[in-house]
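Below, each chain spelled out in residue letters.
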Amino acid sequence: AWLSDDSFISFRYADHLVRGHGLVYNVGERVEGYTNLLWTLLLAGALRLGVPPEVSAPVLGIAAWLALVGILGWRSWRRDRPGLFFPLAAALVLLLEDFQVWATGGLETSLFTLLVTAGLLLASRPGARPRQLMLAGVLLVAAVGTRPDGVIFAAVALAGAWFVNNAMYPRERLALTAALAVPLALGGAALAAFKLAYYGDLFPTAV
């Protein structure tokens, strides 16, 4: 168990937000010095409830890590034939040291991995229903809000939703892909609007 130095940047932003100074590192200076908006907001919510970020960050990280193990295990159980259940991916996530280390590091790594994995699994499921793809879109736009490189996984999900349903008519495939694209577009637009209105820039900068 440890806390990364970088996690204290998010802790400071969360603390200032709860104190009424806004999402700022230095009071009165609107600079986006974090790259994990959703994570910072979660820490601020916990701090508002009286839980310091030094406690809430590892707890949330471990919870996201274990949830990822559960999702991968459930996925293996759904795919395997009776008597052949072998949750390799879940076991690796549970046992590999890197996953354990970053689950307690105070950063958004575990949450981001959970959101991306769950979103991609839903988006790449052949014959998924529109509501499942909408849920995938919500998860992936949350991943984008957690880390900017979530955009890459959102693009992969869109391509996956299109190609795994190649047995359908183009109109049906388009409707399914649109169910995924709508929450991505709306969430992405809202995130961009917030960044431009609050910080005057779409991209984080050094504190």
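The text that follows walks through the structure, step by step, so that each part is easy to find. (Residues numbered from 1 in each chain as written. Predicted model: local features only at pLDDT ≥ 70, side-chain atom pairs only at ≥ 80, totals over all residues. Heavy atoms only, no water.)

Describing the overall build of the chain
Here comes step 1: Looking only at helices and strands, the chain features 9 helices and 0 strands.
Here comes step 2: Along the chain direction, N to C, the helices and strands of the chain fall in the order α-α-α-α-α-α-α-α-α.
Here comes step 3: Against the 2.2 N^0.38 benchmark of 17 Å for 207 residues, the chain shows a C-alpha radius of gyration of 19 Å, consistent with a compact globule.
Here comes step 4: Dimensions of the chain, computed from the C-alpha atoms along their principal axes, are close to 55 × 40 × 25 Å.
Here comes step 5: Classification of the 207 residues of the chain by burial places 40% in the buried group.
Here comes step 6: At a minimum sequence separation of 6, the contacts of the chain that also span at least 24 residues come to 65%.
Here comes step 7: Of the roughly 11,300 Å² that the chain leaves accessible, carbon and sulfur atoms contribute 67%.
Here comes step 8: Each charge class in the chain was averaged separately, 15 positive and 13 negative side chains, and the resulting centres sit 16 Å apart. (Helix = DSSP H or I, 4+ residues; strand = E, 2+ residues; numbered from the N terminus. Rg over C-alpha atoms; globule rule 2.2 N^0.38 Å. Buried < 20%, exposed > 50% of the residue type's maximum accessible area, 1.4 Å probe, protein only. Contact = heavy atoms within 4.5 Å. Areas by Shrake-Rupley, 256 points an atom, 1.4 Å probe, with all protein chains shown as cover. Lys, Arg positive; Asp, Glu negative; His and termini not counted. Charge placed at Lys NZ, Arg CZ, Asp CG, Glu CD.)

Re the nonpolar core
Here comes step 1: Counting 37 residues, the largest nonpolar core has L43, V93, L115, A123, L133, L180 and L184 as the members making the most contacts within it.
Here comes step 2: Elements that contribute at least two residues to this core include exactly α1 (7-18), α2 (37-48), α3 (53-79), α4 (88-95), α6 (109-123), α7 (130-146), α8 (150-163) and α9 (170-198).
Here comes step 3: For L180, the residues in contact, after removing those within four places along its chain, are A123, L133, A136, G137, L140, A157, L158 and A161.
Here comes step 4: Core analysis: the second largest hydrophobic core is formed by 9 residues, Y13, Y34, Y198 and Y199 among them. (Core = buried A, V, L, I, M, F, W, Y, C linked by side-chain atoms within 4.5 Å.)

Comments concerning the packing of aromatic side chains
Here comes step 1: One pass over the structure, following the stated rule, counts 9 aromatic pairs.
Here comes step 2: Pairing F8 with F11 gives two aromatic rings, centres 4.9 Å apart and planes at 65 degrees, and the pair type is edge-to-face. In this pair, F8 and F11 are both assigned in helix α1, 3 residues apart and thus about one turn of the helix distant.
Here comes step 3: A relative accessible area of 4% means that F11 is categorised as buried.
Here comes step 4: With a centroid separation of 5.5 Å and an interplanar angle of 20 degrees, the aromatic rings of F194 and Y198 are classed as stacked. Taken as a pair, F194 and Y198 lie in helix α9 at a separation of 4 residues, close to a single helical turn.
Here comes step 5: Using a relative accessible area of 27% as the deciding quantity, one classes F194 as partly exposed.
Here comes step 6: One aromatic cluster in this structure is built from Y13, Y25, Y34, F194, Y198 and Y199.
Here comes step 7: Over the aromatic face of Y25 sits the side chain of R12, whose NZ or CZ is 4.4 Å from the ring centroid.
Here comes step 8: Sitting over the ring of F112, R147 keeps its end group 4.4 Å from the ring centre. (Phe/Tyr/Trp six-rings, centres within 6.5 Å; stacked < 30°, edge-to-face > 60°. Lys NZ or Arg CZ within 6 Å of the ring centre and 35° of its normal.)

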